[in-house]
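Residues per chain are reported as follows:
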Amino acid sequence: MSIAKRVQQWATFARTWHIYDCTWQNPFESAKLVKTHLMGLQKPIYHPMIFKRGLCTSHKLLPIYQIQRRNMGRLGNVDPSSYSQPDLITTEHSALNWTVDFESTKIQGSVLHRFKVLTSNLDKILLDVRDINVTNATLLAGGSELPINYFISDAVDDIGQKLTLELPSGTAKGSLNVRIDYETSSSASGLQWLNPTQTLGKEHPYMFSQCQAIHARSVIPCQDTPAVKFTYDATVEHPSELTALMSALIDKKEPGRTQFKQEIPIPAYLVAIAIGKLVSRPLGENSNVWAEEAIVDACAEEFSETATMLKTASELCGPYVWKQYDLLVMPPSFPFGGMENPCLTFVTPTLLAGDKSLADVVAHEIAHSWTGNLVTNKNFEHFWLNEGFTVFVESKIVGRMQGAKELDFKMLSNLTDLQECMRTQLDKTPELTKLVVDLSNCGPDDAFSSVPYIKGSTFLRYLEDLFGGPTVFEPFLRDYLKKFAYKSIETNDFKSALYDYFIDTDKKDKLSVVDWDLWLSTEGMPPIIPKFDESLANVTKELASLWSAKSVAELTDGVEIKKNISIHQLIDFLGKLIESKDIADLTERKIDLLESTYNLKSSKNAEVRFRLNRLIIRARLIKRLDEILEFANSNFRMKFCRPIYRDLAGWPEAKPAAVRNFASVKDQMMAVCSHTIEKDLGLK
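Nothing here was measured: the structure is a model prediction, and the numbers come from that model.

Visitor: Would you mind showing me how to read helix α21 (residues 671-680) here?
Guide: Since the α-helix advances by 3.6 residues per turn, residues separated by three or four positions end up pointing in the same direction. Counting buried positions along α21 yields eight of 10 residues, so the element is predominantly enclosed. Taken residue by residue, α21 has V672, C673, S674, H675, T676, I677, E678 and D680 as its buried positions. Tucked into the core, α21 has its buried residues touching α8 (444-447), α19 (638-649) and α20 (655-665). G682 sits one or two positions beyond α21 and adopts a positive phi of about 75°.

If you want it as structure tokens, here you go:
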């Protein structure tokens, strides 16, 4: 058989088995590339140009690489969780043309990417995908369309696949337009499809996306890394009786067809869509709340302070550039408290407490309009730049609206939550308690915790106190946000900005005081706890001490347990009680006394009910297991259901029921939620 024929057979074989990093014009070079790039493929790889005894002297092919188990490794130079190469090519604009098919639970259509090529002679574009069916790839140039070869690699668990688009030789620097026709999987990790019975109205289906951290690749073939920011427009065809919303402004709307435009560059994880039987109520001049009809009025009342929060955030951070700030109250399966999609924040219905006590989450998502959306972490190893800054700004919004004592109490309460997170979720992965983590062999979903939020915001509070307080540090914050607006940065960029700002001031000596390695690279709780006003926290600390140390008989007639406390103090007190090493006389009677003293049974506050259920688990009250599982099934917010399932996994008598319950509801969860709970239960 001729060499040419063998190479042709090799190309066919490679396409069949997803072996793509090959230079077809040079089969000898191809062998080297295969050996270099195909580590981890689940089968032995052969090449037609390599034989036992030189070229073309034997019909037996030699395996280039036998499978060996290995760690994931860093997928790219810029982002360990993305195959894309933003140092070589970057996306400037994406045009989405989608048909949303509820029957097949798929999005079908195309994306037209306008790329900026940053290097000469680029031979291929690497994009991230996950379970996407690509049907065509076309290069658009000079009014003509040129089909291009494309290949999809085998999947890396919980990460996805690499889409390779082959470019013509001699591709120059500059603008490049590529259209990709595709459809999503019916089980795309970034999409949730609800049948009518899973909605409040019970008449119409519902779908929504959740792309953070790396699930945009299951919705769009893209550079799914926060290192790349792009504008986008979208044309979405959907059932005419339903409303479509996106993380963009509505450009044109007609029955069954909605067009959107996002003119500010965003990372892929902020592309968002929701379609359902939705109605809205106004919250302010440029703000509405969207929800299903049955709850929209309650939502409008619960989030009535949104406009005030937005105004306060603008005073702290600078002009609000996104024009519109709407809220969408999601179905209970939404896995997060909120998601800061530009122009359209998604929030969990578990915030509907009836007294606005949990609306601080909206302050957090508003703060993201600057910290995260405008200034973005370059990859998720530096996630604290998004979330630590956002919690810091959120606490300032709360402080300006409710007072300095509430600000400090909120930050102290956060430290209680952080301690619990490190004790339970991260006890076997202490390396993830660092502020800057290594994601070479860990996906962002597995690394997700409260560490970047709370340890990060504590670091910023430490810096604020060190440099002279809010009057000194808040002007720096605004300068930092202005300097890096529309950019993606790493921790060293923040460090340089701090030095540049203070080096020529009377605060320059403070720069040498900061132990960056201690804060960024040391495991565990924050190395320094700033001086907070502890007056509100001391009340909850004393209550937790009383309830953990005294018996039911000692507590029953005690005056000290009957003192008035705020709802936030109640939440913090219950959290501290959970964190108590020993709780004396933790029986059914003690739980009953706790419930009657603080009216816990009638509480609609999800944070209160969550902590109560964890105490019931700790008391091993097996007859209340159905009640615990009912709460776990009432919402799939990971903040609540993951600790509940972790606690149940540590209770041998209850674990089998917990596993059965999880199996019965798993398909109603988003992938990011079910994936992590499987690990919490020891199933994965």
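Okay, back to it.
Visitor: Before we go on, may I ask you to explain the packing of helix α6 (residues 384-402) against helix α10 (residues 470-483) in this structure?
Guide: Where α6 meets α10, the closest approach of the two axes is 13 Å, and the angle between their N-to-C directions is 130°. On the basis of the axis angle, α6 is oblique to α10. Of the two possible hands of crossing, α6 and α10 adopt the one that is left-handed. Only P470, F473, E474, L477 and Y480 of α10 make contact with α6, whose side of the interface consists of L385, F389, F392, V393, K396 and R400.

Visitor: What is the right way to look at the environment of N538 in this model?
Guide: Of note, N538 is situated in helix α13 (residues 535-549). What makes N538 partly exposed here is its relative accessible area of 31%. N538 sits 35 residues away from F573 along the chain, and the two C-alpha atoms are 9.8 Å apart.

Visitor: Would you mind going over the pairing of strand β20 (residues 326-329) with me for this structure?
Guide: Working note: regular strand, side chains alternate between the two faces of the sheet. Covered by surrounding structure in β20 are D326 and L328 together with L327 and V329, the residues of both alternating faces. The sheet contact formed by strand β19 (residues 287-291) and β20 spans two bridges and is parallel. Paired with V289 across the two strands is L327, which belongs to β20. Relative to strand β22 (residues 344-347), β20 runs parallel, the two sharing four bridges. When the bridges of β22 are listed, D326 appears paired with L344.

Visitor: How should I be thinking about the packing of helix α4 (residues 306-317) against α10 in this particular structure?
Guide: Pairs of packed helices are described in terms of their axes, by the angle between the two and the distance that separates them. Between α4 and α10, whose axes approach to 8 Å, the crossing angle comes to 90°. When the axis of α4 is compared with that of α10, the two are roughly perpendicular. Here E315, L316 and C317 of α4 come into contact with α10, specifically with E474, R478 and L481.

The rules behind each value
- Residues numbered from 1 in each chain as written.
- Predicted model: local features only at pLDDT ≥ 70, side-chain atom pairs only at ≥ 80, totals over all residues.
- Heavy atoms only, no water.
- Buried < 20%, exposed > 50% of the residue type's maximum accessible area, 1.4 Å probe, protein only.
- Helix = DSSP H or I, 4+ residues; strand = E, 2+ residues; numbered from the N terminus.
- Contact = heavy atoms within 4.5 Å.
- Axes fitted to C-alpha atoms, helices over the stretch in contact; angles between N-to-C directions.
- Parallel < 35°, antiparallel > 145°, perpendicular 65-115°, else oblique.
- Left-handed = near helix turned anticlockwise from the far one by under 90°.
- Pairing = 2+ DSSP bridges.

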